[in-house]
Every structure is written in structure tokens, then in C-alpha cells.
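# Reading the structure
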Amino acid sequence: MYINDLYKYLNDCKISLYADDTALYTAAKTQVEIMLNFQLELSLVQEWLNANKLTLNVNKTKYVIFGTRQNLVNKPDLNLMIGTSKIEREHSMKYLGVILDEHLTFDEHINYILTKASKKLGILRRARDYLNKSTKILLYKSLVLPHIDYCDLVYMCTTDLNLQKLQLIQNSACRIILQADIDIPIMSMHEELDLPTLHQRRQIHTAMDCFNNIKNDEAGLHSMFIPIDEDRVRSTRSENRNMMRVPDVRSVTGRKAYSYRGPSFWNTLENESRTITTKTTFKTHITKLFCRDVNHPG
């Protein structure tokens with residue numbers, strides 16, 4: 001049996017493993033520091049490959065430098081080598097189905113979703129005259145919506161314009177399902193179909209992810225949710241209990257990180273929501289909470 005123990009060989013780099021997809025990542029203040037640290041880690045990777053008699057597909061091995069536009073302007077490529085082969089730089093890459101661009105705007109990924117969702121929406125449009133309403137809703141939820149829902153917690157920090165483009169896909173689906181005229185209000189169609197807006201869905205997904213990470217010590221992002229000290233809580237009103245520490249982040253880029261967004265969102269929930277202990281009850285409660293306001297078009 002072959003076991004991937006590559007992580008044991010690394011020093012400073014963090015690693016993400018999923019099947020045969022492996023990503024190494026690190027952070028530093030200067031490009032020189034990144035190159036020196038990463039080259040050392042790549043040397044360790046090569047040693048591990050040699051020890052396990054494995055070869056790396058260099059053609060599929062790329063690197064991306066993530067940063068703000070200001071930080072990356074006029075920055076040269078890094079001279080990174082794995083063995084005797086040079087690793088090429090990309091300005092974006094797809095990892096586990098999500099396109100990550102170097103500025104983390106998610107513009108490319110949104111366009112990717114729009115293309116896939118639009119094609120599936122075309123199937124629904126061509127079949128609308130032959131299906132009843134419940135079947136068309138089922139088709140939308142099985143063919144189109146999964147493309148939009150997938151990793152929405154990752155890309156939800158993109159621009160409002162991008163998020164609105166996705167909502168337009170669902171708006172079109174509502175009109176197709178109901179065969180509604182152009183003058184029918186969007187929200188009335190969502191109400192008739194009992195369909196949350198994408199904004200409401202992202203709120204529900206965020207709340208559920210926070211709940212899972214807080215309640216489960218083994219959850220991948222559990223360490224991002226640190227309860228506020230009990231001594232500090234005792235001096236506050238009871239409705240402020242069960243709150244999480246929010247990192248002191250002042251930059252716009254830093255506030256897009258889930259380590260900031262997650263605890264911040266959790267703290268906006270009412271104490272009644274934060275004190276629920278079972279997942280099923282919490283999901284029912286949070287769905288009613290965010291879907292009661294049907295006036296938000298998303």
C-alpha cells in the first residue's frame with residue numbers, strides 16, 4: 001500500500017492533498033524570501049520523490065504568486081526548479097474545480113460558472129414546454145444550481161457585480177420554470193417557487209459552515225473559531241455570549257479572508273441562533289431566519 005507522507009518531509013510550506021492533486025503554499029513579505037523558502041521546500045520534495053521512486057509531471061506543475069495588484073506590479077518571475085526542470089508561472093490555476101487568479105478577484109471563476117450554468121439552463125429552456133413546474137424546479141436544482149453553489153463560500157468575496165451576474169442566471173431560471181412575462185417581479189417568482197435568492201443561500205451556507213467548524217473539534221477550520229474569553233463574556237450582556245474572536249484586520253484584502261469573515265458573520269447572529277447545539281435544528285432555524293426577508297434580491 002502506498003501512503004502519501006510528503007507532508008512529513010516539509011519544513012515551512014503548508015500542503016493540501018486531495019487524491020493525486022497536491023498544492024504547496026507559503027507566505028512571506030518579499031518575493032526573494034518566497035523564492036528562497038520555496039526552493040528549499042522543492043528540494044525536499046525532490047528527495048521524497050527519489051526515496052519513493054516516483055517522478056513528477058513537470059508539465060502539470062505550475063506556481064502562482066498571490067497578492068494585490070500593487071504588490072505584484074512589475075514583479076519578475078521566480079526561478080523555481082524541481083530537479084533539473086524549471087517550474088513555469090501561471091497567473092491563475094484551477095484547483096479542485098475553483099479557478100484561483102493571482103489577485104483573488106474570482107473574475108475568471110465567475111465566468112467559468114456562468115458558462116457552465118448557461119449551457120445547462122439552455123437544456124431547461126428547450127424542455128420547458130414538455131415538463132410540469134415541479135419537474136422543471138427539480139432540473140434546475142440538479143443541473144444548474146450545483147455549479148453556482150459549489151465553493152460559494154470561497155468566491156463570495158468577489159465583487160457585487162459578479163454575484164449579480166450569478167443571480168441573473170437564477171432569475172432567468174425562474175422565468176423559464178414559470179413561463180413568466182418580463183414584467184413579473186423577480187421576488188414574486190422566488191416566493192411562488194419557494195426558492196431562496198443566491199444571497200440568502202450564501203448566508204445559510206456560511207452559517208452552517210461556521211456551526212460545523214465551531215461544534216466539531218476535528219473540522220478543518222475549527223482553529224479559526226476561538227471563543228471570546230469567559231472572563232470577558234461574564235462582564236457583558238447575556239446576548240453577547242457564544243461569540244468568536246475576530247482577528248484585528250484593517251486591510252480590505254485581509255477582510256476577504258475566511259478567518260475574518262467566518263467569525264465576523266457568526267457574531268452577527270442572534271444569541272438564540274448561536275446557542276443551538278444540534279445541526280438539524282440549527283439548519284431549520286437559520287433557513288427560516290434568512291429566508292423570512294424576501295425583499296432582498298441577492
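The next subject is the side chain of Arg-89. Mapped onto the elements of the fold, Arg-89 is located in strand β6 (residues 88–89). We classify Arg-89 as buried; its relative accessible area is 14%. A polar atom in the side chain of Arg-89 sits 3.5 Å from the backbone oxygen of Lys-75. Polar side-chain contacts of Arg-89 include one of 3.0 Å to the side chain of Asp-77.

Here we take up the packing of aromatic side chains. Describing an aromatic ring pair means giving the distance of the ring centres and the angle of the ring planes. Within this structure, the stated rule accounts for 4 aromatic pairs. With a centroid separation of 6.3 Å and an interplanar angle of 70°, the aromatic rings of Phe-225 and Tyr-258 are classed as edge-to-face. Here Tyr-258 lies in helix α10 (residues 258–268) and Phe-225 lies in the loop between α8 (198–215) and α9 (230–234), a separation of 33 residues in the sequence. Owing to a relative accessible area of 12%, Tyr-258 belongs among the buried residues under this scheme. Centroid distance Phe-265 to Phe-290: 5.9 Å. Interplanar angle 35°. Geometry classified as tilted. Of this pair, Phe-265 sits in helix α10 while Phe-290 sits in helix α12 (residues 279–291), and the two are 25 residues apart along the sequence. Among the residues examined, Phe-265 registers a relative accessible area of 17% and is labelled buried.

Let's shift gears to unusual backbone geometry. Phi at Leu-96 takes a positive value of approximately 55°, unusual for a residue other than glycine. Along the chain, Leu-96 falls in the loop between β7 (92–95) and β8 (98–101). In this structure, Gln-179 is a non-glycine residue whose phi angle is positive, near 50°. Along the polypeptide, Gln-179 turns up in the loop between α6 (160–178) and α7 (186–193).

Let us look at α8. An ideal rise of 1.5 Å per residue puts 26 Å on 18 residues; α8 measures up with 26 Å between its terminal C-alpha atoms. Of all the 18 residues making up α8, 13 are buried; the element is thus mostly covered by neighbouring parts of the structure.

We now examine the pairing of β8. Going residue by residue along β8, you find Val-98 and Leu-100 tucked away on one face and Ile-99 and Asp-101 tucked away on the opposite face as well. With 4 bridges connecting them, β7 and β8 associate as antiparallel partners. Directly across from Ser-92, in β8, lies its bridge partner Asp-101. Between β7 and β8, which pair antiparallel and follow one another directly, the connecting turn spans 2 residues, one of which, Leu-96, has a positive phi of 55°.

With that settled, consider the nonpolar core. Counting residues in hydrophobic clusters, the biggest one holds 30 residues, and the most contacted among them are Tyr-140, Ile-148, Tyr-155 and Leu-166. Among the elements of the structure, β8, α3 (107–127), α4 (133–149), α6 and α7 are those that each provide at least two residues to this core. Element by element, the count of residues in this core is highest for α6, at 8 residues. With 18 residues, the next largest nonpolar core counts Ala-207, Phe-225, Met-244 and Ile-276 among its residues.

The final tally for this structure, using the stated rule, is 5 salt bridges. In this structure, Lys-133 engages Glu-192 in a salt bridge whose closest nitrogen and oxygen atoms are separated by 3.9 Å. Of this pair, Lys-133 sits in helix α4 while Glu-192 sits in helix α7, and the two are 59 residues apart along the sequence. For Lys-133, a relative accessible area of 37% gives the class partly exposed. Here Arg-201 ties to Asp-149 by a salt bridge, and the two come within 2.4 Å at their closest N and O atoms. In this pair, Arg-201 is assigned in helix α8 and Asp-149 in helix α4, connecting sequence segments 52 residues apart.

Let us now look at the confidence of the model for the chain. On average, the chain scores 89 in pLDDT, and the residues at 70 or more come to 93%. The secondary structure element of the chain with the lowest average pLDDT is α9, at 52, and the one with the highest is α6, at 97.

Rules used in this analysis
Residues numbered from 1 in each chain as written. Predicted model: local features only at pLDDT ≥ 70, side-chain atom pairs only at ≥ 80, totals over all residues. Heavy atoms only, no water. Helix = DSSP H or I, 4+ residues; strand = E, 2+ residues; numbered from the N terminus. Buried < 20%, exposed > 50% of the residue type's maximum accessible area, 1.4 Å probe, protein only. Polar contact = N/O pair within 3.5 Å; in protein donor to acceptor, adjacent residues only side chain to side chain. Phe/Tyr/Trp six-rings, centres within 6.5 Å; stacked < 30°, edge-to-face > 60°. Expected span 1.5 Å × (residues − 1). Pairing = 2+ DSSP bridges. Core = buried A, V, L, I, M, F, W, Y, C linked by side-chain atoms within 4.5 Å. Salt bridge = Lys/Arg side-chain N within 4 Å of Asp/Glu carboxyl O. pLDDT = per-residue confidence, 0-100.

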